[in-house]
Amino acid sequence: MELLKNPVLISVALLLILSVIRLNVVFSLIIAAMVGGIAAGMNGPDIMAAFSSGLKGGANIAFNYAMLGAFSIAISRSGVTELLARELFRFIGREVTPKQLFRFKYLLLLILTLAAVSSQNVIPIHIAFIPILIPPLLPVFERLKLDRRMVACILTFGLITPYMVLPAGFGRIYLNEILIGGLNGNGLKVTSAMAPKAMLIPALGMVAGLLIAIFFSYRKPREYNVEKTLQKIDEPVEIKPRKVIAGFIAIAVGLAGQLWLDSLVIASLLGILVFVLARVISLQDTQDVFTRGVYMMGGIGIIMIAAAGFASVMKATGSVESLVKLVSGGIGDQRGLAVFLMLLIGLIITMGIGSSFSTVPLIAAIYTPLCIKLGISPLATIAIVGVAGALGDAGSPVSESVLGPTAGLNADGQHDHIYDSTLPTFIHFNIPLLIAGWIAGMVL
């Protein structure tokens, strides 16, 4: 009963319920934060003070996304994405055999997977590629009758799995700095070289979920309103060599700016200035470009701001630590039960906070001595804490790994965030990851 009264558990459960019944995610976050704070004994002013203090951390993210949206709109006006979509249409429009169409479909899915994976390590731009690449491809998806839920699973897979197992880009931060650093800081002697080996089994669980989504769950054709898509996405752009070349230069400049300056804002601004200098857009047009960019990506930014406020309230209640201690205190020497509950609590925490990178520091301090006490090996401990942090990144309504795919796939208003992104990714990734994480915790 004490577990069921935990404010974090109550808040996360309420957040998910409100989201599933289609209440706006921002409203759901505010209500869940208020209820969680009251359950923890906080008064109204204290709850709002904690919520407001968290908003400051999310403002930077929201501004980044607004600038990224503006850059995406500018790219679309250069004709680069229009050229890509037109070439794909030209191929599909030819007299092709069903076998050739089948090959083209799965080649396109492979390219999307590789693009998402590369965004985490090879070219670490996270979700920045989605609003640039996905909207112009929506008519192509419809021509192939692709189920967008499958594409959402592909994108989310590529945004999460690489940082779980590959020590490069965001994976270097998650594995080496956050995970290994957190374990070493709490008394467990482990090295960075151990992390990929420990996380391999969990990563295979993610692969299994992806294959199920592609070849079983969403294999059947799904119809969308093509006219609505053509009306909603930007009007067709006349393809001119000068504009296309400027588009490629702007993308290269933006990419270089992000890699070298580590600033999405400056990178987006530099890219937009390339378009202005190349006269692809005028100075006056920059007003419309920014407004459209905010419209495209502003929703994600507002949700991330509200999620930061929600996470701040949860931390202020002190209930995250008490939730972990409450579960760990009743485990005894039952290793199988201990591993399962540690993973489950990690899922609950990340579902609310929406960031695996923020969850690991919270749980490592308690999970590490508990694993040592139970005689769990260092490799298994890495897997348990690493998976406990990653669980919930897929399937959380406030996770960037789910919000990003929605922003691209819902460009024409035909992709629901909860039912087409959140629930499909939760089912196909959290369940196999929970199973694979438990196996890794038991056999390593």
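The structure this text deals with has already been given above.
What you see is a predicted model; the values in this text were computed from it and never measured.

Parameters and conventions
- Residues numbered from 1 in each chain as written.
- Predicted model: local features only at pLDDT ≥ 70, side-chain atom pairs only at ≥ 80, totals over all residues.
- Heavy atoms only, no water.
- Helix = DSSP H or I, 4+ residues; strand = E, 2+ residues; numbered from the N terminus.
- Rg over C-alpha atoms; globule rule 2.2 N^0.38 Å.
- Buried < 20%, exposed > 50% of the residue type's maximum accessible area, 1.4 Å probe, protein only.
- Contact = heavy atoms within 4.5 Å.
- Areas by Shrake-Rupley, 256 points an atom, 1.4 Å probe, with all protein chains shown as cover.
- Lys, Arg positive; Asp, Glu negative; His and termini not counted.
- Charge placed at Lys NZ, Arg CZ, Asp CG, Glu CD.
- Polar contact = N/O pair within 3.5 Å; in protein donor to acceptor, adjacent residues only side chain to side chain.
- Core = buried A, V, L, I, M, F, W, Y, C linked by side-chain atoms within 4.5 Å.
- Expected span 1.5 Å × (residues − 1).
- Bend = angle between axes of the 7 residues up to and from the residue.
- Salt bridge = Lys/Arg side-chain N within 4 Å of Asp/Glu carboxyl O.
- Arc of directions from axis to C-beta.
- Axes fitted to C-alpha atoms, helices over the stretch in contact; angles between N-to-C directions.
- Parallel < 35°, antiparallel > 145°, perpendicular 65-115°, else oblique.
- Left-handed = near helix turned anticlockwise from the far one by under 90°.
- Nonpolar A, V, L, I, M, F, W, Y, C, P; charged D, E, K, R; others polar.
- Phe/Tyr/Trp six-rings, centres within 6.5 Å; stacked < 30°, edge-to-face > 60°.
- Lys NZ or Arg CZ within 6 Å of the ring centre and 35° of its normal.

### Structural notes on the overall build of the protein
Part 1: Helices and strands together make up the secondary structure of the protein, namely 21 helices and zero strands.
Part 2: The globule rule puts the C-alpha radius of gyration for 444 residues at 22 Å, and the 22 Å found for the protein is close to it.
Part 3: Counting across all 444 residues of the protein, residues that qualify as buried make up 54%.
Part 4: Long-range pairs, those at least 24 residues apart, make up 82% of the contacts in the protein with a sequence separation of at least 6.
Part 5: In the form shown here, the protein has an accessible surface area of approximately 18700 Å², with 67% of it arising from carbon and sulfur atoms.
Part 6: The centroid of the 31 positive side-chain charges in the protein is displaced by 5 Å from the centroid of its 23 negative side-chain charges.

### A short note on the side chain of threonine 368
Part 1: Tracing the chain through its elements places threonine 368 in helix 18 (residues 356-373).
Part 2: Engagement of the side chain of threonine 368 in a polar contact is seen with the backbone oxygen of alanine 364, the distance being 2.6 Å.

### What to know about unusual backbone geometry
Part 1: Positive phi is not limited to glycine here, since arginine 22 has a value of about 75°.
Part 2: Residue position: arginine 22 is located in the loop between helix 1 (7-20) and helix 2 (25-39).
Part 3: Owing to a relative accessible area of 54%, arginine 22 belongs among the exposed residues under this scheme.
Part 4: With phi around 60°, lysine 145 is a residue other than glycine that occupies positive phi space.
Part 5: As for its placement among the helices and strands, lysine 145 is situated in the loop between helix 7 (138-144) and helix 8 (148-165).

### Structural notes on the nonpolar core
A general trend in soluble globular proteins is that nonpolar side chains are found buried together.
Part 1: Within the largest apolar cluster, 116 residues are counted, with the highest numbers of intra-cluster contacts made by Leu29, Phe141 and Ile349.
Part 2: With near-sequence residues (within four places) excluded, phenylalanine 141 lies in contact with Leu108, Leu112, Ile134, Leu146, Val151 and Leu409.
Part 3: Among the nonpolar cores identified, the runner-up in size contains 17 residues, and Ala70, Ile272, Phe275 and Val276 belong to it.

### Let's talk about helix 8
Part 1: For helix 8, with 18 residues, the first-to-last C-alpha span of 26 Å sits near the 26 Å given by 1.5 Å per residue.
Part 2: When the local axis directions of helix 8 are compared, the greatest deviation, roughly 25°, occurs at phenylalanine 157.
Part 3: By the criterion of burial, helix 8 is predominantly enclosed, with 17 of the 18 residues buried.

### Here's the deal with the pattern of salt bridges
Part 1: Evaluation of the coordinates by the stated rule reveals eight salt bridges.
Part 2: The closest approach of N and O atoms between glutamate 142 and arginine 148, which form a salt bridge, is 2.6 Å. Each member of the pair, glutamate 142 as well as arginine 148, carries the same accessibility label: buried.
Part 3: Taken together, the shared-partner salt bridges in this structure form one network comprising Asp147, Arg149, Arg222 and Asp420.

### With respect to helix 1
Part 1: Here helix 1 is 14 residues long and its end C-alpha atoms lie 20 Å apart, about the 20 Å a rise of 1.5 Å per residue gives.
Part 2: Among the residues of helix 1, those classed as buried are Pro7, Val8, Ser11, Val12, Leu15, Leu18 and Ser19. Down the axis, helix 1 shows its buried residues gathered within 135° of arc, on one side only.
Part 3: Of the residues flanking the start of helix 1, the one acting as N-cap is asparagine 6, its side-chain oxygen 2.9 Å from the backbone nitrogen of valine 8.

### What to know about the packing of helix 19 (residues 378-390) against helix 21 (residues 417-443)
Part 1: Two numbers describe how helix 19 lies on helix 21: the axes approach to 8 Å, and their chain directions differ by 165°. It follows that helix 19 is roughly antiparallel to helix 21 by the angle criterion. You can see that helix 19 and helix 21 cross each other, and the crossing is left-handed. Contacts between helix 19 and helix 21 pair Ala380, Ala383, Ile384, Val387 and Ala390 from the former with Leu433, Gly437, Ala440 and Gly441 from the latter.
Part 2: Looking at the contact of helix 19 with helix 21 residue by residue, the classes come out as seven nonpolar, two polar and no charged.

### A closer look at the packing of aromatic side chains
Part 1: Using the criterion set out here, one finds five aromatic pairs in the structure.
Part 2: With 6.3 Å between their ring centres and 35° between their planes, phenylalanine 157 and phenylalanine 429 make a pair best called tilted. Linking phenylalanine 157 in helix 8 with phenylalanine 429 in helix 21, this pair joins segments that are 272 residues apart in sequence.
Part 3: On the basis of relative accessibility, which here comes to 0%, the residue phenylalanine 429 falls in the buried class.
Part 4: Pairwise contacts between aromatic rings join Phe102, Tyr106 and Phe215 into one cluster.
Part 5: A cation over a ring is seen here: arginine 148 above tyrosine 224, with NZ or CZ 4.3 Å from the ring centre.

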